Amino acid sequence: MCIEIRRLSIDEGKDFYDMLQEMPADENGFINSVHGKTYEEYQTWLTGAVRNAEQTSLIDGWKVPTTMFCLLENGKPVGLGKVRLFLTDALREHGGNVGYAIRPSARSRGLGKKLLALLIVESKKMGVDQLLLTIQNQNAASIHVALANHGRIEKVTDDRHYIWIDLSIGNGRGENDK
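The present account deals with the structure reproduced in this document.

Rules behind the numbers
Sequence order as written defines the numbering, with residues in each chain counted from 1. The predicted nature of this model means local features are confined to residues of pLDDT at least 70 and side-chain atom pairs, given and counted, to a pLDDT of 80 or more, with totals for whole chains, interfaces and linings taken over all residues. To obtain the side-chain values, all non-hydrogen atoms of the structure were included, while hydrogens and water were left out. Fitted lines through C-alpha atoms give the axes, limited to the stretch in contact for helices. The angle between two N-to-C directions lies from 0 to 180 degrees. Every helix listed is a DSSP run of H or I at least four residues long, and every strand listed is a run of E at least two residues long, numbered separately from the N terminus. By the definition adopted for this analysis, an angle is roughly parallel if under 35 degrees, roughly antiparallel if over 145, roughly perpendicular if from 65 to 115, and oblique otherwise. Contact definition: two residues touch when any of their heavy atoms are within 4.5 Å. As a working rule, the residues Ala, Val, Leu, Ile, Met, Phe, Trp, Tyr, Cys and Pro are called nonpolar, Asp, Glu, Lys and Arg charged, and the rest polar, with Gly in that last group. The pairing criterion is simple: DSSP has to find at least two bridges between the two strands.

1. Points about the packing of helix H1 (residues 14–22) against helix H2 (residues 39–53)
Argument step 1. Two elements in contact, H1 and H2, have axes whose closest approach is 11 Å; the angle formed by their N-to-C orientations is 100 degrees. The angle between the axes of H1 and H2 places the two elements in the roughly perpendicular class. Within the contact between the two elements, H1 uses Lys14, Phe16, Tyr17 and Leu20 and H2 uses Tyr39, Tyr42 and Trp45.
Argument step 2. Grouping the constituent residues of the contact of H1 with H2 by class yields six nonpolar, no polar and one charged.

2. A few points about the sheet that holds strand E5 (residues 76–84)
Argument step 1. Within the open sheet, the four strands sit side by side as E1-E4-E5-E6. Their pairing is antiparallel. Only two strands of the sheet have a single neighbouring strand rather than two, namely strand E1 (3–7) and strand E6 (98–102). Adjacent strand axes in the sheet meet at a mean angle of 20 degrees when their direction is disregarded.
Argument step 2. Direction of pairing for strand E4 (residues 66–73) relative to E5: antiparallel, over a ladder of eight bridges. Residue pairing for E5: Met68 is matched across the bridge by Lys82.
Argument step 3. Against the sheet, H1 contacts E4 and E5, and its axis sits at roughly 75 degrees relative to E5.
Argument step 4. Running at roughly 145 degrees to E6, helix H4 (residues 111–125) makes contact with E1, E4, E5 and E6 of the sheet.

Next comes the structure, spelled out in structure tokens:
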């Protein structure tokens, strides 16, 4: 099995679109704004997403630049990851630096853990030295994924876990640190 990650590009095709249609629009706080959209709307979104990743400061006074990545298994899209270079006060409460989702047909095989580990590597390459994940309490699988990638719980509120991953520890490669 070949697992790899690639930065989203405007050349993503129908297989990536189909994955986004399989993923819910909002599941455990991961927003998939393409779910239910036409292919033409997806292409417009894709252009905007790639442009957003090229920014270095707030967009429209409030949006943080976000770089998106596709997780591939044997060349087929199976997951989507997002990395924010910095946080606003709002994102420190609800959002964090990293978000990720695995398409429903590919779940329960450890791909979330691998995706986060690869997002950690990419984050470090982009100059990020620590990552915050804000995970809804009922999302036990994602909490487990974050902790398996050297996450440290900072606090738990009524609705979410706040988990930090320090990229300066080891090589900042999550589960691959050995």
